[in-house]
Structure formats: structure tokens, C-alpha cells
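# Observations on the model geometry
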Amino acid sequence: MFAKKRYAEKAVMKKTLAMHSEKSKRRKVDDNVQEGAIPAYLLDRDETTRAKVLSNTIKQKRKEKAGKWEVPLPKVRPIAEDEMFRVIRSGKRKTKQWKRMVTKATFVGPGFTRKPPKYERFIRPSGLRFTKAHVTHPELKCTFNLDIIGVKKNPNGPMYTSLGVMTKGTVIEVNVSELGLVTPAGKVVWGKYAQVTNNPENDGCINAVLLV
Amino acid sequence: MASGNSVMCLLADPEGKPFGNPLYLPQNVGPSELNILVNNLQNNDEKFPYAFYVNDKELLGQLGAYLLENNVSVEQVLKIVCQPQAVFRVRPVTRCSATITGHTEAVLSVSFSPDGQHLASGSGDTTVRFWDLNTQTPLHTCKGHKNWVLCISWSPDGKQLVSGDKDGHISLWDPNDGKANGSPMNGHKKWITSLSWEPSHLQTPSRRFASASKDGDVRIWDSMLRKCVMCLTGHTLAVTCVKWSGEGLIYSSSQDCTIKVWETSQGKLIRELKGHGHWVNTLALSTEYVLRTGPYDYRTYQFSSSDEMKEAALTRYNAAKRDSPERLVSGSDDFTMFLWEPSINKHPKARMTGHQQLVNHVYFSPDGRWIASASFDKSVKLWNGSTGEFVATFRGHVGPVYQISWSADSRLLLSGSKDSTLKIWDMRTRKLREDLPGHADEVFSVDWSPDGKKVASGGKDRVLKLWMA
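Residues numbered from 1 in each chain as written. Chains lettered and ligands numbered in written order. Predicted model: local features only at pLDDT ≥ 70, side-chain atom pairs only at ≥ 80, totals over all residues. Heavy atoms only, no water.

### Examining the sheet that holds strand E26 (residues 359-364) of chain B
Residue and element names in this part refer to chain B.
- The strand order across the open sheet formed by four strands is E26-E27-E28-E29, and the pairing between neighbours is antiparallel. The sheet is open, and its two edges are formed by E26 and strand E29 (390-395), each paired on a single side. Ignoring which end each strand starts from, the neighbouring axes of this sheet average 20° apart.
- Where strand E27 (residues 370-375) and strand E28 (residues 379-384) come together, five bridges link them in antiparallel fashion. Its bridge partner being in E28, Trp370 is matched across the sheet by Asn384. (Pairing = 2+ DSSP bridges. Helix = DSSP H or I, 4+ residues; strand = E, 2+ residues; numbered from the N terminus. Axes fitted to C-alpha atoms, helices over the stretch in contact; angles between N-to-C directions.)

### Let's talk about the pattern of salt bridges
- With the rule as written, the count across this model stands at 23 salt bridges over all chains.
- Asp217 of chain B serves as the salt-bridge partner of Arg219 of chain B, at 3.7 Å between the closest nitrogen and oxygen.
- Using a relative accessible area of 14% as the deciding quantity, one classes Arg219 of chain B as buried.
- As a salt-bridge pair, Glu247 of chain B and Lys321 of chain B come within 3.7 Å of each other at their nearest N and O atoms. Of this pair, Glu247 of chain B sits in the loop between strand E18 (239-244) and strand E19 (249-254) while Lys321 of chain B sits in helix H5 (residues 306-321); the two residues are 74 residues apart in sequence, bridging distant segments of the chain.
- Lys321 of chain B sits in the partly exposed class, given a relative accessible area of 22%.
- Each of Arg77, Glu83, Lys104 and Glu201 of chain A takes part in one network of salt bridges that share partners. (Salt bridge = Lys/Arg side-chain N within 4 Å of Asp/Glu carboxyl O. Buried < 20%, exposed > 50% of the residue type's maximum accessible area, 1.4 Å probe, protein only.)

### A closer look at the interface of chain A and chain B
- Across the contact, 24 residues belong to chain A and 35 residues belong to chain B.
- For the pair chain A and chain B, the interface holds two salt bridges.
- Run the count over chain A and chain B and you get four residue pairs in polar contact (both at pLDDT 80 or more). (Contact = heavy atoms within 4.5 Å. Polar contact = N/O pair within 3.5 Å; in protein donor to acceptor, adjacent residues only side chain to side chain.)

### A word on the confidence of the model for chain B
- Per-residue confidence for chain B gives a mean pLDDT of 86; residues scoring 70 or more make up 96%.
- Predicted complex, confidence summary: ipTM 0.81, pTM 0.76. (pLDDT = per-residue confidence, 0-100.)

### Concerning the sheet that holds strand E36 (residues 464-468) of chain B
Residues and elements named next belong to chain B.
- Strand order in the open sheet formed by four strands is E6-E36-E35-E34, and the pairing between neighbours is antiparallel. Each edge of the open sheet is held by one strand with a lone partner, namely strand E6 (95-100) and strand E34 (443-448). Sheet twist, expressed as the mean angle between neighbouring strand axes with direction ignored, is 20°.
- Pairing between E34 and strand E35 (residues 454-459): five bridges, direction antiparallel. When the sheet's bridge partners are listed, Ser445 is paired in E35 with Gly458.

### What about the environment of Ala284 of chain B?
Residues and elements named next belong to chain B.
- In this fold, Ala284 is placed in strand E22 (residues 280-285).
- Residue classification places Ala284 among the buried residues on the basis of a relative accessible area of 0%.
- Spatially, the C-alpha atoms of Ala284 and Ser245 are 9.8 Å apart, while their sequence positions differ by 39 residues.
- The residues contacting Ala284, other than those within four sequence positions of it, are Lys243, Arg327, Leu328, Val329, Val362, Tyr363 and Phe364.

Structure, rendered in C-alpha cells:
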């Protein structure tokens, strides 16, 4: 019993001695200077790093000239016309089959009015029309709910682009004014391209990744 | 109409004291005639320019036109407040004259010396660098810190620069040759948030300065003895800002929502100013600009002896302070600011609400008339410097506004923001005057030189930009 007590005391004594010797020992200070220096007023704040300003405009202009853009989804599954459109029969005997209804998500724009129903060939049902997209910033890894300004290019063909159909891989233009981005010239950026990453007709929402 | 031709006016100074008896003035007088009149009444040797305010609105045209617009009755005595303005005029900077690289990490703080001859900057690459203003190139690189240099501060006599870093070490530097005055001084256990020198009218050459740290103490150091003279403990959380006032008191604001007032001979706590609901981020004194520039003003930069400097600093300080006690404004994370007269009262004089996000930086104008506040809600607000009433909002930034700086004549205000632009706002028109884009990333620190000729800004893109008119 006493042996145990003495053992415990000896252990504590050894520990305190080690602590004291540590204080007097000179140790080489390893300089771990972290990256991402921020001023004193931002130190205690947990802010997400925001998107960097638009990259070099010369590079962008060169890319535009070449017509080639690096996109996250370079290849998409080709979509057949009978998957995209459903035939609508019309007429008194329901024999006319020239109308088509789009079965994928579309974007029509704020000033859209239908053509007279007798003459419209492509029907875009209002249930499949979307105005907002969930856009993810690839570097910040945060998602914003942004308004769609327009459909830039649908890889399945120019007809789908003009109809405003959004399938996986479509490049759309979104309103990024709430991100507060500024060009090197000092102008505020309010529109940026994003590429759709899901199948909106299956999920009911449009997920896209911002092209920086 | 006899009564339509002249108006009974009473000219008063900003504190409300009238310049004489009420007198009849014809309706076609404008600011220029009023200027001559006031200068004669005051028997000024130098003709000071004045700005005239009726009911807090500036009088820009003729008196008669103003009366018609605002339907002011001519039967009552019209009180016209005359604000003296700075004699010299600072021109707004418009172009970036130089982009100087040198730092290898983000520039965290930029500061001009009080006489406007030297420029220093502290950065995340652990160096303090001095820059030559004439050739716009790097002058000295001062290595000595082992972690990010968070704050720098010039002594009011311009002879020394002190810098504090993220480990809590403090170093003194000589601007002429870039050498350190001895090894770094330790004492604080966590990073330094703020540094403030003793004003030069209390002591010349400048010896003592105060430092605030995240560990909750404020320490007073002596630069000659190179050690900590006093340690003022009391705050329970980080001290965010420390200011040494011209009356010999030290004000410290902290994350524990209080501001403590200390006296400097023995380090005793005099008063505690409570009122904020969240962290107090920043403090500003009404005489801060004068304390920072010490004896130097736009006319004189050379002094023959330290006594002369002390006297010059004292005259400038008394002129800026006039008869009223020093005012203190504090900005906080609870989106409001308080205006205090700490040497008199522990209750705030006014509460300034209106911001929609936390207030990051507040600054009195050099003549003490205005208070400007920069907030994370992308706006800069202007308030009356003596009453704390809201005057105007400046909107234009698309990101949180980090720091602001006044021009030496109090006519222009500069703001730097996370959206990488700097903007200059005009006090007379209350609108945006100049937009200065050019930085590639967030702007962390801005400074306007006390002689009004240059603006320096540094940020996350690691370059220092000098702007000129």
C-alpha cells in the first residue's frame, strides 16, 4: 500500500522535474508561418474565402477567339429526338401529329408569351419551366441560388439552344451580382456562365457549376 | 417689399456661441460675402474659408434662394452656423502612379509617417518594408519577426516605427536605415491587435506606446528602456483596439463588449464604458488625426529642437480640441456605434444605429466635425461629429468595406473594400468623387499621406499601390 503511494509520488515528481527541465532547455523554434495572411480585424472571424477577381482578360479574349472553352463536363450523353419530344395529336380526328411537347426542363425568359395555340409547334409546359439554378462555385465549394439569364448552348444541337432546353451539360448564363465580383477595371460583374450537372427533369431542380 | 430684401441673421460658431448681435443681411449675399463678413467680425489675421449651414443644410447659393426653397420665415432670426474649413485644399487622387511589388505575402497594414516623408508596410511574409516615395521603389526590408506582421504604428515625432506580430512580439525600427532597435520585445502571449503611441504634446521625443493583444491585456512599453513598463489587465476577452488620448488617458476596447479607461501614471482603471451588446471592434478619438501627426502640419516639417516640437504639437492639439472635452466613438459587432465623452461621463452621449452589418472601422475627420464608419454591409455612413446624428450614406462598394482614411483637410474620404476597389467620397456633394480600381484582390489597408499628396493601399494581391492626383 505504501509502496503504491510512493510509486505514485515518484511518478508525479518525475513529471514535474521533466516539466521544469523543459522550460530551461533551449529548443529550436520551427517557423511554421501559415499561408493566407489576414489583418488583425479579420483574425477572429470565420469568413469563407470569396471568389477571386476574373482572371486575365487577355486570356479570356484568346479563348473566345478560339471558340474553345474548358468545361467541367466535356462529353454528354446524346439525347434522341423521341426522348426529348413527345408527339401531341391534334385535330378533330386526332390524326394530325405535327405538334411536339418538350419533356425536359426549359427556360423561357421573363417576357415570354406563347404563340397562338393553333400555330405553335413546340409546347413548353409551364411545369417544366425553371427560373433559378443552384450554382456551385468550384473553388469555394459553396452553392448559391441564382437567377438564370439565358441558355447559352445546349450540346445536343442549336435547335435545343433556341428552345431553351436545359439538359445535363448545357451552358447557361446566371446572375451573379450577389457574389460581389469586380473586374480589374473596376466594373461590377453581374453575369457568368455555368454548366448544368444534373438531369433537371428527374430531380426537379437545376444544379450547375460556375465556370470561372 | 421691404421685409423681402433683408433678413435678420445670427452668425454662430459650431458650438452654438454667437459671433455678435443679430444683424440685417440683404438677401443676395452668398457664401463668399458671408466669408468676408465673418473674417472681419473675427478679426482674423489669415482669411479662413468657412462653410455655412442653416438648419444643418449647407448654404451654397444666395440667401434669398435658400429661403424661397425651404419656406423659411423671415420674421424669425435666422441662425447661420459657420464652420471653419482647412485653408489648404487636398486634390482627390485619380490615378495609380505606381504598383510596387516586394512583399511575398498579403500586405496587412500600410502607414505614412507623420511628416509624410516615409511610408512603411507590414505583411504576412513577416517583414516590414520601407518605401521611397520619390522614386516609388522599395527602400529597406526589415526582417526580424517570425510570424505575420499585423500592425505598425509611427511615433508622432516620426523617428520610430513599432510593429506587432501574430506571436505577440513587438519590434522597433529606424526609418532612415531600416535597422531594428534591438531584438523583439516579448510580453504578450497572443497576437497584437493594436498599437498606439503617447502623444507628442505630452512627451517629446516619443518614448512610450501601448499595445493591445488577444490575450486581454494592454501593455505600456518604453522604447528607450526597451521593456514593458506597465501591464493593464482587466479585460476578459481579446482587446481589439487601444488609443492613447491627448488628455493622458488610455482607452481600450475589447471583445467582452466593454471599453475601459485607464490612467497612465500608475495604470489604474478609471472608468468602464458599458453599452455594447457584442464585440467592440474599433475606437476613434476626435483629436486622433492631430495626435497622429504630432507637431507636423502642412506648413512645417522641420523642427530644431524637441521642445519646439512639443510646443507645436500642443498648439495644434489645443486648436483641434477647442474647449470641449475629447469625444470617443466605438464601433461594434452589434451593428451600432456609441459616441462617448469618456473623461466626463460613463454613459454614452449618443447611439448611432443604421448599419446592417458589423461596423469594422470608425474614424473622426481631422477637424473633428464628422465621423465616418465603414461596415461589412458595403456602405460607409457619415455622422455629425459632435452630436452623433446621422448625415449621409455612401453606397457604391459591392463588398464589405474594410478601412477608411480622411484627407488632411477633411473634405475627402477614402474607403478600401473587399471588392478590391478604393473609392473617394466628397463631403460637400455627399457623393462618390473617384473610383480607384486596380487591385487584383481584397484591399486590406489604406492610408492618405498627411500632406495630402499621395494615397497608399495594400492588400491580398501582395502589391503596394501609390495613387496620385
